[in-house]
Amino acid sequence: MRIAVLSDIHANLVALDAVLADAGSVDAVWHLGDVVGYGPDPNGVVGRLRGADARGVRGNHDAAAVGGSEIDWFNPDARKAMEWTRGELEDDARTWLADLPERREEGGTTLVHGSPRQPLWEYILSPGSAKANLDRLDQAIGFHGHTHVPVLWRDAEGGVELIRAADQDRVVLDDRRSLINPGSVGQPRDGLPTASYLILDVPDGDPVGPGTTVEWHRVGYDIGSVQRAMLAARLPGFLVRRLELGA
Ligand code: ZN
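The notes below deal with the structure included here. Here the structure is a predicted model, which is why all the values come from computation and not from measurement.

Some words on the overall build of the chain
If you tally the helices and strands in the chain, you get eight helices and 12 strands. For the chain, whose C-alpha radius of gyration is 17 Å, the value lies close to the compact-globule estimate of 18 Å for 247 residues. Overall size of the chain, expressed as C-alpha extent along the three principal axes, is 50 × 35 × 35 Å. Evaluated residue by residue, the chain yields a buried proportion of 53% over its 247 residues.

Section: helix α4 (residues 76–88)
An ideal rise of 1.5 Å per residue puts 18 Å on 13 residues; α4 measures up with 18 Å between its terminal C-alpha atoms. Three or more residues of α4 are buried, namely Ala 78, Ala 81, Met 82 and Thr 85. Down the axis of α4, the sector holding all buried residues measures 105°, keeping them to one side. Facing away from the buried side of α4, by more than 90 degrees, are the exposed residues Pro 76 and Gly 87. Buried residues in α4 make contact with α2 (42–51), α3 (60–65) and α8 (237–245). For α4, the N-terminal capping position is held by Asn 75, with its side-chain oxygen 3.1 Å away from the main-chain nitrogen of Asp 77.

Quick look at the sheet that holds strand β7 (residues 151–156)
Here we have six strands laid out as an open sheet, ordered β4-β5-β6-β10-β7-β8, and mixed in their pairing. Looking at strand neighbours, the two that pair on one side only are β4 (103–106) and β8 (159–164), the edges of this open sheet. Pairwise comparison of adjacent strand axes, ignoring direction, gives a mean angle of 20° for this sheet. Sheet topology note: the strand β6 (residues 141–143)/strand β10 (residues 178–181) ladder contains three bridges and is parallel. The residue of β10 that forms the bridge with Gly 142 is Leu 179. The strands that helix α6 (residues 127–135) touches are β7, β8 and β10; relative to β7, the one it contacts most, it runs at about 70°.

Basis of the calculations
Residues numbered from 1 in each chain as written. Predicted model: local features only at pLDDT ≥ 70, side-chain atom pairs only at ≥ 80, totals over all residues. Heavy atoms only, no water. Helix = DSSP H or I, 4+ residues; strand = E, 2+ residues; numbered from the N terminus. Rg over C-alpha atoms; globule rule 2.2 N^0.38 Å. Buried < 20%, exposed > 50% of the residue type's maximum accessible area, 1.4 Å probe, protein only. Expected span 1.5 Å × (residues − 1). Arc of directions from axis to C-beta. Contact = heavy atoms within 4.5 Å. Polar contact = N/O pair within 3.5 Å; in protein donor to acceptor, adjacent residues only side chain to side chain. Pairing = 2+ DSSP bridges. Axes fitted to C-alpha atoms, helices over the stretch in contact; angles between N-to-C directions.

What follows is the structure, given as structure tokens:
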């Protein structure tokens, strides 16, 4: 079974379409939230995920988009983009976003946006927070996004091990607990502007776990067309520029 895991699409439909084309035939699509916010096409991205029957969770931007007070914690650029997003969202897209749970179990794994202990807001950036969140997993394997950086954290002798997709883009899972981040489809922040996602290759009949191959992929897309759409929508210049920087 092949499963595509996507996160932090951020209303970037051109990047999402490039990722779906690159992934090809898959048995399931999972997403880890921040479907909207920052980018120019929130309704289009929701429509595409609905069409793919994607299963996923709510990010802090999705919560803000459907009226949540999360917007009060946004920096000025994110807030400006979110106010635009709120005005742009069609009713059925808003309903779909509002129905996303904060955490979800799929294929014997846990899906969250930020972290298992704080699904909307925590950034897993340090060995300490990775360890604390591995301890909070109900299953051995969890998926999270929010940092926009593709990595895998797992138990190791005396602590945790960090694998960066930039160093090693393919990992075969064993029986150690792991937290896996696909990176960001719509606004990568690891220095590469290409869209990031991952493919799980699960042996037939097994749950996601020992023997499953995790492989990160990068896909180029027409960044200029997204930037032009953002400028036309008068979205903040910093958000427009960072797409070409991957930062
Ligand atoms: Zn995000």
